Amino acid sequence: MRESDIKKLYKNKLNELKKHNKNYFDKNSPTISDKDYDKIKLEIFDLEKKYTFLKSPYSPSSSLGYPPSKNFVKSNHRVKMLSLSNAFNKDDLVNFEKRIFNFLNKKIEVEYSVEPKIDGISASLTYKNGILIIGTSRGDGTTGEVITENLKTIDDIPHIIKDKDFPRDIDIRGEVFIKKSDFENLKSNFANPRNAASGSLRQKNPEQTKKIPLNFIAYTFGFFKNKNINKQSEFLNSLKKWGFKTSEHNKVFKTINDLEIFHKKFEKDRFDLEYDVDGLVYKINSLELQNRLGFTANSPRWAIAHKFSADSAYSKITDINIQVGRTGALTPVARIKPVNIGGVVVSNATLHNEDEIIRKDIRLGDTVKVERAGDVIPHVVLVDLKKRKKESKKFVFPKKCPCGFDTIKEFNKFTKKYDAVRRCPDRGFECEKIAVEKIKHFISKEALNIDGLGKKVVENFWNLKLIRYPQDIFNLDYAKISKFDGWGDLSVSNLKYSIDQSKKVSLDRFIYSIGIRHIGIENAKLLAEYTKSITNFLNLIKNKKFNEFLNIDGIGETQINSLKKFFENKSNYKIIEKLSSMLNISDLKLNKDGKLLNNTFMFTGKLSNMSRAEAKSLIEENSGSVVSSVNKKLKYLIIGEKPTTRKVEQAKELGIKILSQKEWLNLLD
Ligand code: IVH
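Caption draft 1: Geometry of the state of the cysteines. According to the stated counting rule, one finds 0 disulfides in the structure shown. C401 takes part in no disulfide bond, and the closest cysteine sulfur, belonging to C403, lies 3.5 Å away. Residue classification places C401 among the buried residues on the basis of a relative accessible area of 3%. C401 provides the cysteine sulfur closest to C424, a residue in no disulfide bond, and the two sulfurs are 3.7 Å apart.

Here it is as structure tokens:
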């Protein structure tokens with residue numbers, strides 16, 4: 001790469017980080033996971049290491065956190081509020097200790113104060129003569145925001161300390177956090193308890209802070225006049241004596257091995273704690289040694305944070321529910337005690353299917369490892385058998401669908417095995433669970449794309465018995481709806497507008513919207529290209545000429561059998577006929593001379609003023625095609641807001657052209 005390109009890349013990464021800092025620190029609403037945030041930081045560090053000419057005052061290596069918000073008065077910390085460097089495995093710990101021995105120039109026996117790293121917001125409290133004078137947030141580490149009145153609303157923070165041993169001038173530092181149980185009532189507004197705590201603490205009006213129950217656990221000091229304490233563990237005991245809350249899990253260990261053992265156990269038990277903990281902090285216990293070791297630019301040499309996995313966590317299964325999908329598949333879902341995995345509170349994890357439960361012998365009450373990586377939905381990976389109670393019993397997978405029908409396991413002719421998935425046989429709209437999922441599919445983006453009639457609204461209307469079949473959507477009683485809670489004239493007229501708009505639909509989208517198993521978007525397109533009009537499509541079905549579809553390249557026995565099965569059910573046919581009379585289904589006209597012929601596109605990130613579905617059809621109307629992975633066949637990657645970094649990098653490596661939304665629209669004039 002040329003120097004100018006490297007500088008450009010570096011600047012882009014810094015800007016990206018700056019944007020996320022603003023979202024996190026100023027707006028209290030991060031838009032990426034902690035893991036992705038750390039990844040950007042690491043990328044910046046790597047670039048700086050590799051190319052020493054890269055320097056910026058905005059680099060995370062020269063700044064801490066985020067400048068204080070303009071909403072508060074600022075105050076300089078008497079002693080900087082630094083952060084901790086991270087360790088992720090034993091090697092990192094061994095290196096940490098090695099660095100200490102090197103610095104001291106000898107190997108000595110050390111003692112570590114071990115403390116949970118509470119995932120909250122740090123605060124500093126200055127007490128003079130036992131009176132709380134000022135309370136601040138960390139801010140950028142040098143300057144914090146004065147939030148004394150907000151901090152004073154927290155019961156755990158003493159305003160006056162009368163203990164005769166309490167230092168006359170000291171900054172007490174610790175973590176402000178919200179308990180997991182209190183977060184339960186706030187979870188619709190925040191991704192995790194830390195965001196909720198941050199939001200509450202930085203309210204302009206302390207009365208607002210009071211409304212969200214905050215807690216404070218003390219763990220260190222900043223400025224400390226006439227320090228007469230020798231060890232961190234002694235300081236923690238003194239904090240307790242002076243009236244502060246400290247963690248009940250603080251420990252002292254001597255060897256890396258002991259640290260490792262404790263870390264492993266703590267990581268497995270953390271779901272049971274009252275508050276989120278994202279690692280353990282190890283601090284050299286001797287304050288004299290801490291003094292000698294001192295600090296690097298950002299963090300102390302005498303402490304390290306040993307993080308827990310950001311992809312997985314242990315938790316306990318409190319219930320197992322069965323969900324029924326659009327195709328009748330019964331999916332078992334474990335309800336687990338909420339646990340924070342990489343910044344997201346997870347309380348459900350899929351168990352995939354009946355066979356998976358049997359294979360892993362997953363039972364109610366089990367402690368399990370749950371993984372949540374990238375966009376994959378959280379799933380149970382293993383059971384911690386040591387934690388299983390003697391009286392635990394095997395989970396019996398229900399043989400009936402929640403709708404009451406007997407379920408089946410299909411035999412796969414090709415693999416000569418029974419399917420792992422148990423299904424409620426699709427009896428049209430008779431299974432209520434399947435029916436509601438079918439309606440959700442019918443209105444989805446790639447089907448009829450009815451804006452304003454989201455999944456939640458469908459569920460709501462279903463429960464109110466306003467809809468039972470897709471066609472009911474076109475006969476809604478709007479006057480009645482406008483009287484429901486949360487609905488007003490404007491939202492009802494928006495709903496009516498988008499429903500009316502959706503009546504005009506192309507044949508391929510219509511076939512897809514029916515929700516026939518094995519007929520996804522691509523197959524629906526093939527069927528539409530072949531039949532050309534809804535009349536032809538219905539005629540073939542009516543005359544049971546399913547085998548004609550075998551002429552279509554891409555349609556095979558599986559799809560034909562699925563179509564047959566679907567239309568064997570008379571009510572299914574009637575619904576489709578009825579819909580075809582209510583909708584304006586346009587014949588499929590293939591445009592082979594559009595501007596984008598022979599060009600392939602892919603999207604990453606959010607487009608402005610346009611859904612992905614709309615963008616896709618715009619490309620297809622102009623003879624282009626949309627693909628779903630970055631490979632050599634891809635010609636253009638279109639980047640919206642918050643694109644996936646990996647995709648952009650892959651595209652760059654393959655020399656694929658990258659376009660902004662504007663540049664892409666310019667291609668179309
Ligand atoms: S010591 C210079 N102890 O972790 C020492 N920090 O990345 C800095 N934290 O900003 C703090 N529990 O918000 C310390 N027992 C603990 C902690 C702890 C949580 C947080 C704190 C700090 C961050 C460091």
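Caption draft 2: Representation of the site of the ligand within the structure. In the vicinity of the ligand there are 14 residues, among which E115, R138, E175, Y219 and K283 approach most closely. The backbone of L84 places a nitrogen or oxygen atom 3.1 Å from an oxygen atom of the ligand. Within the side chain of K117, an N or O atom sits 3.4 Å from an oxygen atom of the ligand. Summarising the interface, the protein chains cover 89% of the accessible area of the ligand, which totals 520 Å² for the free molecule.

Caption draft 3: Just the sheet that holds strand β11 (residues 303–307), in detail. Strand order across the open sheet formed by 5 strands is β2-β11-β10-β3-β9, with mixed pairing between neighbours. This sheet does not close on itself; its edge strands, each paired only once, are β2 (85–87) and β9 (251–253). For this sheet, the mean angle separating the axes of adjacent strands, direction not counted, is 35°. Relative to β9, strand β3 (residues 112–118) runs antiparallel, the two being bridged by 3 bridges. Across the sheet, S113 pairs through a bridge with V252, a residue of β9. Set on the sheet, helix α3 (residues 90–104) makes contact with β2, β3, β10 (277–284) and β11; between it and β11 the angle comes to about 175°. In this fold helix α8 (residues 232–242) packs onto β3, β9 and β10, with an angle of close to 55° to the strand it touches most, β3.

Caption draft 4: View of unusual backbone geometry. Positioned with a positive phi, K416 is a non-glycine residue whose angle comes to about 55°. Tracing the backbone through its elements, the reader meets K416 in the loop between β17 (408–412) and β18 (417–423). According to the relative accessible area criterion, K416 is exposed, its value standing at 60%. Although it is not a glycine, S623 adopts a positive phi angle of roughly 75°. By the element assignment, S623 lies in the loop between α21 (612–621) and β22 (625–626).

Caption draft 5: Representation of the pairing of β11 within the structure. By the criterion of burial, β11 is predominantly enclosed, with 5 of the 5 residues buried. Here β11 shows no split at all, with A303, A305 and K307 on one side and I304 and H306 on the other all buried. Relative to β11, β2 runs parallel, the two being bridged by 3 bridges. Following the sheet pairing, S85 is matched in β11 by I304.

What counts and how
- Residues numbered from 1 in each chain as written.
- Predicted model: local features only at pLDDT ≥ 70, side-chain atom pairs only at ≥ 80, totals over all residues.
- Heavy atoms only, no water.
- Disulfide = S-S within 2.5 Å.
- Buried < 20%, exposed > 50% of the residue type's maximum accessible area, 1.4 Å probe, protein only.
- Near = heavy atom within 4 Å.
- Polar contact = N/O pair within 3.5 Å; in protein donor to acceptor, adjacent residues only side chain to side chain.
- Areas by Shrake-Rupley, 256 points an atom, 1.4 Å probe, with all protein chains shown as cover.
- Pairing = 2+ DSSP bridges.
- Helix = DSSP H or I, 4+ residues; strand = E, 2+ residues; numbered from the N terminus.
- Axes fitted to C-alpha atoms, helices over the stretch in contact; angles between N-to-C directions.
- Contact = heavy atoms within 4.5 Å.

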